[in-house]
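Summary of structural features
Each chain is listed here by its residues.
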Amino acid sequence: MSASPRLTLAAALAVVLTSASLVPVFDGPGWALRVLGAVAVVGGSGALARRVGLPRLVQPLAALIVLAGYVCAAFARPTLAFGVLPGTDTLRLLGRTIGAGLVDVEQLAPPVPTSPGLVLLAVLGVGVIAVVVDALAVTLRRAAVAGLPLLLLFAVPAAVLPGGLGWWPFAVGAAGWLGLLLADGTDTLTRWGAPPHSGSGAGPAPDDPAAGRVGRRIGAAALGVAVVVPALVPGLDSRLLGDGLGGGGPGGSQTTTTYNPILELGGQLRLPEPGRLLLTYRTDDPAPDYLRLTTLDRFDEDTGWSSSELSADPREDAVQRGIPAPEDTSLAPAGAVTTTIDIAKVDGPWLPTPAEPREIDVRGPWRWDAESSTVFSARTTLGEVEGTYTVQSRRSRPDPELLRRTSDAPEEITEVYAERPTLSSYVGQLLAETVAGAGTDYDRVAAIQALFRDRSNGFRYAHDTSVEGFDQPDALERFLRGQRGFCEQYSSAMAAMVRGLGIPARVAVGFTPGSRRADGSYAVTTSDAHAWPEVWFSGAGWVRFEPTPRTSSQVTTPGYTVPPVQAPEPDAPDPATGAAPAPAESGAPGSPGAQDRGDDLAGGATDGGSGQGRRIVGLAFAALVPLLLLAVPALLHAARRRRQWSSPTPLVAWEQVREDAADVGHRWRPADSPRAAADQLADSRSLDAPGRAALERLALGAERARYARPGAAGSGAGGSLLADARTVRAGLLADASRAQRWIARLAPPSTLRRVSGRLGTGTADVLDGLDAAVGAVAGRLRHPRRRGPA
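Residues numbered from 1 in each chain as written. Predicted model: local features only at pLDDT ≥ 70, side-chain atom pairs only at ≥ 80, totals over all residues. Heavy atoms only, no water.

Of regular secondary structure, the protein chain possesses 24 helices and 16 strands. Taking all 790 residues of the protein chain together, 48% fall into the buried category. Taking all contacts inside the protein chain whose residues are at least 6 apart in sequence as the whole, residues at least 24 apart take part in 74%. Here the protein chain displays about 37,100 Å² of accessible surface, and carbon together with sulfur accounts for 59% of that area. (Helix = DSSP H or I, 4+ residues; strand = E, 2+ residues; numbered from the N terminus. Buried < 20%, exposed > 50% of the residue type's maximum accessible area, 1.4 Å probe, protein only. Contact = heavy atoms within 4.5 Å. Areas by Shrake-Rupley, 256 points an atom, 1.4 Å probe, with all protein chains shown as cover.)

A few words now on unusual backbone geometry. One non-glycine residue, R141, lies in positive phi territory at about 60°. Within the element layout of this structure, R141 appears in the loop between α5 (116–139) and α6 (147–160). The phi angle at Q483 is positive, at roughly 60°, despite the residue not being glycine. If you trace the backbone, Q483 turns up in the loop between α16 (475–482) and β11 (484–485).

The next thing to look at is a positive patch on the surface. Together, R56, R142, R667 and R753 give the surface a local cluster of positive charge. Here R56 shows up in the loop between α2 (32–51) and α3 (58–75). On the basis of relative accessible area, R56 is assigned to the exposed category, the value being 52%. (Patch = residues over 30% accessible without salt bridge, like charges linked within 9 Å, V, L, I, M, F, W, Y side chains within 5 Å. Salt bridge = Lys/Arg side-chain N within 4 Å of Asp/Glu carboxyl O. Lys, Arg positive; Asp, Glu negative; His and termini not counted. Charge placed at Lys NZ, Arg CZ, Asp CG, Glu CD.)

Let's shift gears to the pattern of salt bridges. Between side chains of opposite charge, a pair can form when the charged atoms approach closely. Counted under the stated rule, the structure contains 20 salt bridges. Here D89 makes a salt bridge to R92, at a shortest N to O gap of 2.3 Å. Residue D89 and its partner R92 are both found in helix α4 (residues 88–107); the two are separated by 3 residues, about one turn of the helix. Residue R404 pairs with E401 through a salt bridge whose shortest N-O separation is 3.0 Å. Taken together, the residues span about one helical turn, with R404 and E401 both in helix α12 (residues 400–404) at a distance of 3 residues.

Right, let's get into the sheet that holds strand β12 (residues 505–511). Taken together, 4 strands build an open sheet; the order of strands is β2-β12-β15-β16 and the sheet is antiparallel. The open sheet terminates on both sides in strands that have one partner only, identified here as β2 (291–296) and β16 (541–544). Recorded for the sheet is a direction-independent mean angle of 40° between the axes of neighbouring strands. Looking at chain direction, strand β15 (residues 529–537) and β16 are connected through 4 bridges and run antiparallel. By the bridge assignment for β16, W536 is matched with W542. With respect to the sheet, helix α17 (residues 487–500) is in contact with β12 and β15, its orientation differing from that of β15 by roughly 15°. (Pairing = 2+ DSSP bridges. Axes fitted to C-alpha atoms, helices over the stretch in contact; angles between N-to-C directions.)

As a further point, take the nonpolar core. Within the largest apolar cluster, 42 residues are counted, with the highest numbers of intra-cluster contacts made by V123, V133 and L180. Every element with two or more residues in this core is listed here: α1 (3–18), α2, α3, α5, α6 and α7 (167–190). One finds V435, A531, V535 and F537 within the second-largest nonpolar core, a separate group that totals 38 residues. (Core = buried A, V, L, I, M, F, W, Y, C linked by side-chain atoms within 4.5 Å.)

Where burial is concerned, most of strand β1 (residues 277–283) is hidden: 5 out of the 7 residues are buried. Bridge count between β1 and strand β14 (residues 522–525): 4 bridges; the pairing is antiparallel. Counterpart to T280 in the pairing with β14 is A523. The pairing of β1 with strand β5 (residues 334–343) spans 5 bridges and is classified as antiparallel.

It is worth spelling out the packing of aromatic side chains at this point. Across all of its chains, the model carries 13 aromatic pairs by this definition. Ring geometry for F26 against W31: centres 5.5 Å apart, planes inclined by 20°, an arrangement best described as stacked. What makes F26 buried here is its relative accessible area of 9%. Accessibility expressed as a relative area gives 7% for W31, which makes it buried. The interplanar angle of 45° and the centroid separation of 5.2 Å between the aromatic rings of F299 and W305 together place this pair among those described as tilted. With respect to burial, F299 and W305 carry one shared label: buried. Counting every residue linked through ring pairs, the aromatic cluster contains F452, F459, F479 and Y490. (Phe/Tyr/Trp six-rings, centres within 6.5 Å; stacked < 30°, edge-to-face > 60°.)

Bringing the sheet that holds strand β6 (residues 357–361) into the picture now. In space, the 6 strands of this open sheet follow the order β6-β9-β5-β1-β14-β13, with antiparallel pairing throughout. What marks the edges here is a single partner per strand, and that holds for β6 and β13 (515–516).

Mapped onto the elements, P169 comes out in helix α7. Along the backbone, P169 and A20 are 149 residues apart, and their C-alpha atoms lie at a distance of 5.6 Å. In contact with P169, not counting residues within four places along its chain, are A20, S21 and F154.

A few words on the pairing of β14. Residues Y522 and V524 of β14 are buried on one face, and the alternating residues A523 and T525, pointing to the opposite face, are buried as well. Here β13 runs beside β14; their pairing, made up of 2 bridges, is antiparallel. Its bridge partner lying in β14, R516 is registered against Y522. The turn joining β13 and β14, which pair antiparallel and follow one another in sequence, is formed by 5 residues; a positive phi near 90° is taken by G520.

A few words now on the confidence of the model for the protein chain. A residue-level look at the protein chain finds 69% of positions with pLDDT of 70 or above and a mean pLDDT of 75. The low-confidence segment residues 262–272, where pLDDT is below 50, has 34 contacts with residues more than four positions distant or belonging to other chains. For the stretch residues 565–611, pLDDT sits under 50, and the model shows 166 contacts to residues farther than four places along the chain or on other chains. (pLDDT = per-residue confidence, 0-100.)

A cluster of nonpolar side chains, L61, L64, I65, V128 and V132, forms an exposed patch at the surface whose accessible area comes to about 410 Å². It is α3 that provides the largest number of residues to the nonpolar patch, a total of 3 residues. With a relative accessible area of 35%, V132 lands in the partly exposed category.

So, about the environment of A495. Summarising the element assignment, A495 is placed in helix α17. Judged by its relative accessible area of 0%, A495 falls in the buried class. A C-alpha to C-alpha distance of 9.8 Å links A495 and Q449, two positions 46 residues apart in sequence. Apart from the residues lying within four places of it in its own chain, the contact partners of A495 are W305, A505, R506, V507 and P533.

The end-to-end C-alpha separation of α17 is 20 Å, in line with the 20 Å expected for 14 residues at 1.5 Å each. Burial analysis of α17 places 14 of its 14 residues in the buried class, the great majority of the element. With its phi angle positive at about 80°, G502 sits one or two positions after the end of α17. (Expected span 1.5 Å × (residues − 1).)

Turning our attention to the packing of α16 against α17. Taken N-terminus to C-terminus, the directions of α16 and α17 make an angle of 110°; their axes are 10 Å apart at the nearest point. The angle between the axes of α16 and α17 places the two elements in the roughly perpendicular class. In this structure, α16 crosses over α17, and the sense of that crossing is left-handed. Of the residues in α17, those in contact with L476, F479 and L480 of α16 are Q489, Y490, A493, A496 and M497. Across the contact of α16 with α17, the residue classes break down as 7 nonpolar, 1 polar and no charged. (Parallel < 35°, antiparallel > 145°, perpendicular 65-115°, else oblique. Left-handed = near helix turned anticlockwise from the far one by under 90°. Nonpolar A, V, L, I, M, F, W, Y, C, P; charged D, E, K, R; others polar.)

Structure representation (structure tokens):
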């Protein structure tokens, strides 16, 4: 294989291996084939462009054009004229797909679904990086610098994954980059003939094959880079590699990335598998209530509902230590309930429990977040729960008169749950008409529930998730006008309207009670997935309401939520004739939660900033890292210059001229004397008169320092040497192209080569020692010493 195809393949392979960092970001492998296709078309187009002899600057442009064609074919094929020509419809479709992907980036926490928008963003990002790597490593022959864009593929996942990226994705990517360096070095070496080796014969020594040495070196260097690089870049050590534990240890904080459970459980709860068993349970409650997974407490009319961050102290918040009673719930009549739950086939970071758990007997690192009333884990999932677990809970049955006498909520509740959302004029007018005449907060909330449940108002339950306008920015108004939706829309709409009155509200997600079986246990299936609003009342705490007009035996309307004259028996089911609920698609009003927050190492409380804000900070950090890395060569160059000029001599000045010329692309002839080299530089570069004169003085000084008798050559004044060197550098930069000037300032090739050479020499020395040790051990094992006669 010739040099250019070999380097092209090595560059593409380096991008592919580095793309392994995206594996923990996506929930499934659906993104991988299209990303690999993008890398393949970029590598193929680059190889073809070089084969036909396109100019260097045109080759990356050709690769970008081919990448754009691949994107159109992969994501907008129906809009292509004759199957190949894009048009305005193609641009509009791609724009909408990218827009949906950007919304998902803002709303979703990893692992994210393989939606077209997110996959398109991944294809564009990896494809552009492949173009840059191919241009640097193959076209410009700067394989070492190609590691910078590859590092960007690590920085983005490391910024959005709260537990860090992990060791192996980084080691695999580092091996890809080192393989690219090896291919580049092999190509360079082949220009000088076959590499020498010790021993006789045509091949390497049989006891230490060259392939084995290369494999050991790449593996050891990859692991070394994985350890050294994060230690050298501040802040990358914990974000890039993670702690390997998935959460806090003893004495620390524990966090988890939480998502909207409707999205997290989407593959398990969504049709076409209605009725699939998820869990079973036994309870001494004669009329079991809903099982809660978690709650969504942040609302935005454009993006819908999302959860705030979860946090827990492993020492204080382990559920095995008991769960403290919530404040201000002592006035509501309640009874004790025991529930034993057996997980069948459901996964996720939330533990299903009745609404007010007090004690939970479960094995594993499960924590309690009091703000969201959620049992969660950062280190295990429901799929790893062995056997059954038992929940001792409190079943409240508040009285409507108690709810009417409720006082103002405490400040810590109103700050989070009672912030009035920005509602459209239509929603605001409908809300005012609905609560007109209601004298108390309870009556206003009950009136909003009646708006949805009273069939005379025209609201109907939808049996599918394809409700028009569900994922639009004005989804709330569209739903209220269309009067058709499913449980997530009804619960989201009611909770938003309750907050519009300044009353604390949130959305809970979990399961309806399920179906009672002949043995007295209850079965919860995919048909029992549900969402409902909860409203806070002093003296009662969080109170469940049920606005969904679903004709199903599993949906229950609490008797305390309707006027007494219309109230059914407590928790009596609605007439049962309907079909199963269908959870929301991506982009539903119950939008995914943000990343969880954790306490500091002392176990104290942390800032409760939104997950969206943390993701923005993380992305900004990811963008800052490459900029800092880009500045490293210039800083090293400046430090070398300062150190060298601390003792100015004619040879130091001449060396600076040689490096400045090399930085703008000049090739020196090794056999030339300083004076001949100066003449050749002056002829090839359009230096002005001062520049030529300064160059001649520096060349003459270097010749005298090299060839004159010791002490006979004048050393020259340091100030004049520095002034002449600066004059020559200014002339060289003025004659160079704009690209060469930027390269000379930001990534001086002379410094990169020097640093690369020293690192390579040091690495080679270390790996030579490793080779010797491995070879010695292998030789001892293959040829053990024979003991002589006693």
